[in-house]
Amino acid sequence: MTGWISDFMNHPATYLKSGWLQISVSNLIVIVLMLTVFALAVFVPFPKDKEDHK
Amino acid sequence: MSEMWTAKLRNKWQKNLPIEKLLPDDQPAYVASWIYVFGVLTLSALAMIIFSGIILAFEGPAWYHISDVGLFTNSLHFWSVQMFFVFMVVHLWGKYWMAAWRGNRFRTWATGAIAFVASIATAFTGYLVQTNFDSQWISFEAKDGFNSMGIGAFFNVTNLGQMLLLHVAFLPLILGVITVIHVLMVRRRGVVPPIDAEPSVSGAGR
Amino acid sequence: MSVSKEAKHAFDAAPWTGKTKRYDIVKEGSIAVAFVAIAAIILSLLMGSPDETPLTFKGWAVSNADNFYATAVQELAGTSGSATYGGPYNKASDGLNVGPFWLQKWAGVTHPVDTVNEFVISPLSTQVMSTDIASALATWKAASATQKQDWATAYDDAITKVEGKLSDVPAGAYGPVPALAKGLTDMAKGGALDAALLSQGGFFQTDNTKQILFFGDGSYLDDAGTAANLQGGTWGMMNETGRYPGQAWLWLYSFWYQIPPFNNEESAPIGANADAYIMFIMGALSLGLILIPVIPGIKSLPMRIPIHRGIWRQYYDANGIKRRKK
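In this convention, every chain numbers its residues from 1, walking through the sequence in written order. Both sets of labels track the order of writing: A upward for chains, 1 upward for ligands. Only residues with pLDDT of 70 or above have their local features reported here, since the model is predicted, and side-chain atom pairs are shown and tallied only from 80 upward, although totals for entire chains, interfaces and linings are computed over all residues. Only heavy atoms go into the side-chain values, all of them from the structure, while hydrogens and water stay out.

Let's shift gears to the interface of chain A and chain B. In this complex, chain A contributes 15 residues to the contact, which on the side of chain B involves 19 residues. A quick way to say it: buried area is the sum, across both parts, of accessible area lost when two parts are put together, with a 1.4 Å probe. Taking both sides of the interface into account, the surface hidden between chain A and chain B amounts to around 1500 Å²; carbon and sulfur atoms contribute 81%. For salt bridges, the criterion is a side-chain nitrogen of Lys or Arg within 4 Å of an Asp or Glu carboxyl oxygen. Counting every contact that joins chain A to chain B gives zero salt bridges. Think of a polar contact as two N or O atoms within 3.5 Å of one another; within protein, one of them needs to be a possible hydrogen donor and the other a possible acceptor, and neighboring residues in sequence only count if both atoms come from side chains. Scanning the region where chain A abuts chain B turns up two residue pairs in polar contact (both at pLDDT 80 or more). By the convention adopted, Pro, Cys, Tyr, Trp, Phe, Met, Ile, Leu, Val and Ala count as nonpolar, Lys, Arg, Asp and Glu as charged, and the other residues, Gly among them, as polar. Of the residues that constitute the side of chain A that touches chain B, the class distribution is twelve nonpolar, two polar and one charged. Contacts are assigned to residue pairs that have any heavy atoms within 4.5 Å of one another.

Helix and strand definitions here come from DSSP, where helices need a minimum of 4 consecutive H or I residues and strands a minimum of 2 consecutive E residues; each element is numbered from the N-terminal end. To estimate how far a helix should reach, multiply one less than its number of residues by 1.5 Å. Across its 17 residues, helix H14 (residues 274-290) of chain C extends 24 Å between first and last C-alpha, which sits within 8% of the 24 Å expected from 1.5 Å per residue. Buried within H14 of chain C we find Ala274, Asp275, Ala276, Tyr277, Ile278, Met279, Met282, Gly288, Leu289 and Ile290 of chain C. Residues of H14 of chain C that are buried sit in contact with helix H5 (68-97), helix H6 (106-128) and helix H7 (133-148) of chain B together with helix H13 (251-256) of chain C. Partly exposed describes any residue whose relative accessible area lies between the buried limit of under 20% and the exposed limit of over 50%, with all areas from a 1.4 Å probe on protein chains only and scaled to the type maximum.

Let us now look at the interface of chain B and chain C. The interface is formed by 99 residues belonging to chain B together with 106 residues belonging to chain C. Each partner contributes to the roughly 9100 Å² buried at the junction of chain B and chain C, and carbon and sulfur atoms together form 67% of this total. Of all residues in chain B, Trp79, Trp97 and Phe133 of chain B bury the most surface against chain C, accounting for 9% of the area lost on that side. Where chain B touches chain C, the interface holds two salt bridges. Linking Asp12 of chain C and Arg102 of chain B is a salt bridge whose minimum nitrogen-to-oxygen distance equals 3.2 Å. Our count for the chain B to chain C interface comes out at 41 residue pairs in polar contact (both at pLDDT 80 or more). Counting residues per element, the ones that place at least two in the side of chain B that touches chain C are strand S1 (26-28), helix H3 (37-59), helix H4 (63-66), H5, H6, H7 and helix H8 (160-189) of chain B. Tallying contributions element by element places H5 of chain B first for the side of chain B that touches chain C, with 17 residues. For the side of chain B that touches chain C, the per-class residue count stands at 58 nonpolar, 29 polar and twelve charged.

A separate point is helix H8 (residues 145-161) of chain C. Residue and element names in this part refer to chain C. When the terminal C-alpha atoms of H8 are compared, their 24 Å separation across 17 residues agrees well with the 24 Å that a helix rising 1.5 Å per residue should span. Here H8 has its buried residues at Trp151, Ala152, Tyr155, Asp156, Ala158 and Ile159. In a view along the axis of H8, the buried residues occupy a sector of 160 degrees, so they form one face of it. Facing away from the buried side of H8 by over 90 degrees, the exposed positions are Ala145, Thr146, Thr160 and Lys161. Where the residues of H8 are buried, they touch helix H4 (65-77), helix H7 (131-142) and helix H9 (177-190). A positive phi of about 55 degrees marks Glu163, the residue just after H8. To obtain the arc, one takes the directions from the helix axis to the C-beta atoms.

Turning next to the pairing of strand S1 (residues 15-18) of chain A. Residues and elements named next belong to chain A. In the sheet, S1 pairs with strand S2 (residues 21-24) via four bridges, with the strands oriented antiparallel. Note that in S2 the partner of Lys17 across the bridge is Gln22. Connecting the antiparallel pair S1 and S2 is a turn made up of two residues, with Gly19 showing a positive phi of about 60 degrees. Strand pairing is assigned whenever DSSP detects at least two bridges linking the two strands.

Next up on the list: the confidence of the model for chain C. What pLDDT expresses is the predictor's confidence in each residue, scored from 0 to 100. For chain C, the mean per-residue pLDDT works out to 93, and 99% of the residues sit at or above 70. Predicted complex metrics record ipTM = 0.93 and pTM = 0.94.

Axis definition: a line fit to C-alpha positions, over the contact stretch in the case of helices; interaxial angles, taken between N-to-C directions, run 0 to 180 degrees. Interhelical geometry of H6 of chain B versus H14 of chain C gives an angle of 145 degrees and a closest axis separation of 8 Å. Judged by residue contacts, Phe106, Trp109, Ala110, Ala113, Ile114, Phe116 and Val117 of chain B of H6 of chain B engage Ser286, Leu289 and Ile290 of chain C from H14 of chain C. Across the contact of H6 of chain B with H14 of chain C, the residue classes break down as nine nonpolar, one polar and no charged.

Moving on, we come to the pattern of salt bridges. All names here are of chain C. Enumeration according to the criterion identifies eight salt bridges over all chains in this entry. Note that Lys210 is salt-bridged to Glu118, the shortest N-O span being 3.2 Å. Separated by 92 residues along the polypeptide, Lys210 in helix H11 (residues 209-217) and Glu118 in helix H6 (residues 115-125) bring together distant segments of the chain. Measuring nitrogen to oxygen at the nearest pair gives 2.8 Å for the salt bridge that ties Asp186 to Lys182.

Here we take up unusual backbone geometry. In this structure, Pro88 of chain C follows Gly87 of chain C across a cis peptide bond, with omega equal to 0 degrees. Inspection of the secondary structure assignment puts Pro88 of chain C in the loop between H4 and helix H5 (103-106). The peptide bond linking Pro260 of chain C to Pro261 of chain C adopts the cis configuration, its omega dihedral lying at 0 degrees. Among the structural elements, Pro261 of chain C can be located in the loop between H13 and H14. Phi angles above zero are rare outside glycine, and Ala99 of chain B is one such case at about 45 degrees.

Take a look at the structure:
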């Protein structure tokens, strides 16, 4: 129950650097995921209702 | 009309938030987008945080260092928090681009924004009570910010007992109350109509 | 066709009387809870959560005895970060300010910290010790305040002069200070200092302020923070130990620490008081977030950038609603 890939997770993170900007790959994944999820939520069609209630 | 405070409160509640609004079985036809699920997902993540947090509270702050079940419970807490913020931010972005404060819904927006800020404060105290290297580091670093504003005089991030109590009692209580008010306001005012919807166009139905 | 602002507002505010559809709020909530619970269980089973063992004084004194020793001398001389901090620990400095606001100073000393006695003398006094350290302690306790200060300052200056290389420190009028520092270092190496600083002479203890302050005065914690990429100047506020995601939601708070003048302690007044200025800025921005609906420009952006056409596409298409003219 300690996590099947927790060995991998407990190693020093990789950091991406560009000038003063620096971010861990994990944080980048979370932020990109957040933006992607937002874009998908807006643009992926929502299933249509079969019948109107009223 | 009754002069009784109790009756006044009840009448006001029934007028503004009858049970049909609180637990609706229909909603406007325009509520048809995946963006609408992120509010309830945020609430669900909060429920998971509270559930795993209660188990952690029963066993004490050092349990997860020595127990596999403890570490698993701590992991549930940790990942629920990560999801909570992801869902909440997507919800916030969605509501911003919908200009969801239109039609007397300013207070709905404001309570949501306050809940966001309160969540950050609550999560921060969580990081301080991990009783591991991370909390050693964070408390040493964060004290300077709070001290610089004089806040450190009564909110001492290096005091584990104080942070633990605030994290499991006071801050969740505040966040919970704000969240309940936020949700009740959403139910009371209803979901904001589309930006381009107008009374005269067909489908608006009047 | 366009309606007046007032009519649109009244329309938005009124209860919806148009088309509706079935909505099972309880079912929706149940599915959401189940989804989140399953996701949390899977993530937890896969990755666990971060938990790096805390550092100890023992670890510090064993791995870098000279640095610990020099820090102990600083605590006695009153030159350590904690001893010179100011509020809420002592009055050694005025602390940070934003213009005429000296909030740190005004809030007063609410958690008094006496680095000489609480970090060095009292913990040492709890130990069964060798005769030379016992006599050093007796000499220290019997000396006048000025004498103590002179000894400690002379030794601290000497160590600073040789840049911490203890073997190069020339002989001098240091009194019992070297023996005290040696005694505390040995005590820390054995692990006894961790316990003594925690208990502070009592039994129950829930406040780690003194431990954390002393711990941060040396290079041990700082080096560990650098190694784990946690330093504030390199976005450390957002980071977590290991490969776990950190507090990504603090990106904006962390951002200010990366840019001038906030990232330059030498630049007065803002850089030198960056902690206070950034708190003010974030307070103002948080207020701004709450007040977005009344901030000109920002409140009308959603009408200009038509992301809402995607969100309400079904409704707009079904009713043939074109973009609204301004």
